[in-house]
Amino acid sequence: MSISVVQENKINKRRAELIAEQATKTSKPEDDEEEENEAVDNKEEELEAMLQDEFPLEEEDDDAENEETEEAAIERLEMEIEERFETDENNLINVTELLNQQNLPKVAINASRKPRIVRYQLLQKIQPLLTNRESLFQKCQPITYSLAHKLLVSCYKFHSAFGCFDPIKFKEGELIQPLQWPLDKTYPLLFHQYIYFFESKENRNTFMLNPLKYLKQPKPALCLPIRLAVMGPPKSGKTTVAEMFAQKYGLARLSIGSVMRMVLNTQEHTDLGVQMKEHLSQGLVVPDELAILCLEVALMSLVCSTRGYVLDSFPMTLKQAELMRARSIIPMLVFELQLDTAEVLKRGVIDKMKPSKPHLTHNSCEILQIRNSCYKQEVEHVRQDLQQQYKNWILIDGLKSKWWIWNSIVQEVCISMKYIQSYMERIQSGKAACINKLCISPKELHCLLGEFGQYCPVCLALYYHLVDCSEQTLLEHTAEYRGHYYRMCCIEHLEQFLCTPDQFVVPGCPYTLPRVHLLPRKLTEIQVKDKFPQQAEMKGFCPVTYLDGKQRYEALVRGKMEYAVEYREHIYIFETKQKQDKFLRLPETYWDQKLPSKIPPVCVPVALTSLPTLGYLEQGVATAVIKAMTAVGCLKPKYPFLTIQRSALLYVAYYLKAFNHKSTDYTRQKYKRKLALFEERCVLIPYLSSTMTGNYKPPSERPIDFDFKLQRFLALGDLPGANGLL
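This section reports on the structure supplied with the text.

About the cut-offs
Residues numbered from 1 in each chain as written. Predicted model: local features only at pLDDT ≥ 70, side-chain atom pairs only at ≥ 80, totals over all residues. Heavy atoms only, no water. Helix = DSSP H or I, 4+ residues; strand = E, 2+ residues; numbered from the N terminus. Rg over C-alpha atoms; globule rule 2.2 N^0.38 Å. Buried < 20%, exposed > 50% of the residue type's maximum accessible area, 1.4 Å probe, protein only. Pairing = 2+ DSSP bridges. Axes fitted to C-alpha atoms, helices over the stretch in contact; angles between N-to-C directions. Parallel < 35°, antiparallel > 145°, perpendicular 65-115°, else oblique. Contact = heavy atoms within 4.5 Å. Nonpolar A, V, L, I, M, F, W, Y, C, P; charged D, E, K, R; others polar. Core = buried A, V, L, I, M, F, W, Y, C linked by side-chain atoms within 4.5 Å. Expected span 1.5 Å × (residues − 1). Lys, Arg positive; Asp, Glu negative; His and termini not counted. Salt bridge = Lys/Arg side-chain N within 4 Å of Asp/Glu carboxyl O. Polar contact = N/O pair within 3.5 Å; in protein donor to acceptor, adjacent residues only side chain to side chain. Left-handed = near helix turned anticlockwise from the far one by under 90°.

Regarding the overall build of the protein
Looking only at helices and strands, the protein has 31 helices and 15 strands in total. Computed over the C-alpha atoms, the radius of gyration of the protein is 45 Å, more than 25% above the 27 Å expected from 2.2 N^0.38 for a compact globule of 726 residues. With the C-alpha coordinates aligned to their principal axes, the bounding extent of the protein is approximately 160 × 95 × 85 Å. Here the protein holds 726 residues, and 34% of them are scored as buried.

Structure below.
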């Protein structure tokens, strides 16, 4: 028998405890010495017996030779693990074969890597199964376009509800109808009894993963013809964009020259053809009236009526735009590709160097500059007219790549098509519809306004607020219902109106619009002065500030003449525009107030000319001069053939005229263009000085725009001095 050290310590500790207990229990009588020794011996025997009961001794294994060594244990465990692995592997192979017979997919993952990596790989493998769970048992069959054509012609299979639309592109928001033929440019797919067409193999593979996801989306509605116009200076790429629309979507590309040639070739004996020949035989330009008639004839073609058209560089003048409007030829969107003069000339030089030109063209720098100047002069009026009438003019940065320009234009067209299709669907079902992007003119809008005019019916019905929406130039918050137009102040109110229009129109609206003479209207400073000697109510104090300030003396703040309102034949002026808008919303709350007997004194303005010299300069010209000096200090201009001092003075003069808020808008724009031209010419010196270094370089090794800028620089020496610049 053996006792461990720990167990021996426990026994000794327990023995001491028992001895202490016996010592406390027993008294010390004076007995015989023999009896005392016998009692001690008995107690020791009892103590040892108790310790043996509490701490029994473990039997020592005498057979040391039968103990398992470490090497034997390792070998035994390896054999057990190997046997278990073989068993599990055989079971896994049997299960896998059964699953393969049932056509169930298998996912293999390397489990020897870290647990987090294994977990990530597992999630990546099963994520497509979770995403495409609804289509796991759906089977799609890719087919060739020739087979798709035969199946459709024989009526063995049918067109899907998407027609020739790509379901993936349609899901992404592309609503432009693609070309139906030829089918060799598409990637067909057979699913059940229907054939679907895709623009690329990637889209077809995406559809095959989860076809039900894309079939649940709303099907394409009846497609309307697309009417576009692309404008831009020479070499801006407008013809390239028009040709891309014609090739990809089958639109008719129309330019003013092509439509006139079409009429001369196919309808030369008509009255229109005879009149055009008379002008051309005399060496005259065909009038715009006849050109628009040619365009109208071209628009009668089947392609223009079904697919649509894209006008290439038309209309170019305001007269042409007005003639088109008279003939109801209104593009749904007009895209202007913007380019500066330097880029136009640079592209002209690049085109000139191309060896693949079929014939000589009039694209010299002088001709391009003249064409560009004429375009900029005319397009300003056309842009302003179309933007004011139809809000369909969109600016595109022509410096971007053609693919960026193409995607931007397609995106804008898809947005417009979405608005138009939504409008058609809702109107046909008798619902209210938004009229944004429909090219509705202000005259047409005014004629069809509902009983609330320019006021928001939702604000009137919910809060009894008079919110005038006449200052909104766009129609994004305007809706049509039962043949009338209603304007809303925000997108939230538009959505409420589209959901329940009967709640906000007569007879469902709880309030009616007050009569015209009871409606507040804004006044300009000139209109207020024209009403002299009529004075402003409340002696010019702001009624909104006074009432919101609980009619205290501190709330008596004088208003500004620029924030004036006429209501009930009284004039009120306000502290800020926010206070003016608040009065326009709730005029009945603020109009009828009386001033206290004690009011603040009138502030007498100090004449500017009465100030001392420094004060006069600070209040009069300090801000404008500081801005001009800061600008000239940042640029440090040096005009060719002028001194630095003269160049700085001219730049300051141009800057002051260009940013003088007292001048007319025409004058400011005029001098802003002159300022930009002045800066452009000042850049010539550092450009030429950095380029003309080292030995002579032949023209082929020079930068493309070097010769043009050098000639431009030398031409400035022949111009008159600084007086000619101003």
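Section: the sheet that holds strand β12 (residues 484-487)
Ordered in space as β10-β11-β12, the three strands form an open sheet in which the pairing is antiparallel. Only two strands of the sheet have a single neighbouring strand rather than two, namely β10 (433-434) and β12. Pairing between strand β11 (residues 478-481) and β12: four bridges, direction antiparallel. Counterpart to E480 in the pairing with β12 is Y485.

Quick word on the packing of helix α14 (residues 318-326) against helix α16 (residues 365-389)
Packing of α14 against α16 brings their axes to within 8 Å, and their N-to-C directions diverge by 30 degrees. Classed by the angle they form, the pair α14 and α16 counts as roughly parallel. Side by side, α14 and α16 meet where L318, A321 and R325 of the first sit next to E378, H381, V382, D385 and Q389 of the second. The class makeup of the residues in the contact of α14 with α16 is three nonpolar, two polar and three charged.

Observations regarding the pairing of strand β8 (residues 333-338)
Burial analysis of β8 places five of its six residues in the buried class, which makes it a mostly covered element. In this structure, strand β5 (residues 226-231) lies alongside β8, joined through four bridges in parallel fashion. Paired with L228 across the strands is L333, a residue of β8. For β8 and strand β9 (residues 393-397), the ladder comprises five bridges, and the chain directions are parallel. The residue of β9 that forms the bridge with Q338 is D397.

What about the nonpolar core?
The biggest cluster of nonpolar side chains holds 72 residues, and the ones touching the most others in it are F207, L228, F245, L254, L295 and V413. Ranked by residue count, the leading element in this core is helix α17 (residues 402-428), at eight residues. For L254, the residues in contact, after removing those within four places along its chain, are V259, L295, A298, L299, C304, Y309, V310, L311 and D312. One finds Y455, C459, Y481 and C509 within the second-largest nonpolar core, a separate group that totals 23 residues.

Digging into helix α15 (residues 341-352)
With 12 residues, α15 ought to run about 16 Å at 1.5 Å a step, and its terminal C-alpha atoms sit 17 Å apart, in line with that. For α15, the set of buried residues is E343, V344, L345, R347, G348, V349 and D351. Summarising the contacts, the buried residues of α15 are in contact with α16 and α30 (706-716).

Side note on the side chain of E174
By the secondary structure assignment, E174 is in the loop between α6 (167-171) and β3 (187-191). Buried within the structure, E174 lacks any salt-bridge partner; K169 is the closest side chain of opposite charge, at an N-O distance of 4.2 Å. A distance of 2.8 Å separates polar atoms of two side chains, one belonging to E174 and the other to Y249. Those residues in contact with E174 that sit more than four places away from it in its chain are F165, K169, E199, Y249 and C414.

Notes on the pattern of salt bridges
Taken as a whole and assessed by the stated rule, the structure comprises 20 salt bridges. Note that R253 and D312 form a salt bridge whose closest N and O atoms lie 3.0 Å from each other. In this pair, R253 sits in strand β6 (residues 252-254) while D312 sits in strand β7 (residues 308-312), placing the two residues 59 residues apart along the sequence. Through salt bridges with shared partners, a single network forms among E471, K522, K577 and D581.

Remarks on the packing of helix α9 (residues 238-249) against α17
Packing of α9 against α17 brings their axes to within 11 Å, and their N-to-C directions diverge by 60 degrees. Where α9 crosses over α17, the two elements pack in a sense that is right-handed. Across from V241, M244, F245, K248 and Y249 in α9, the residues of α17 making contact are W403, I405, W406, I409, V410 and V413. Residue composition of the contact of α9 with α17, by class: 10 nonpolar, no polar and one charged.

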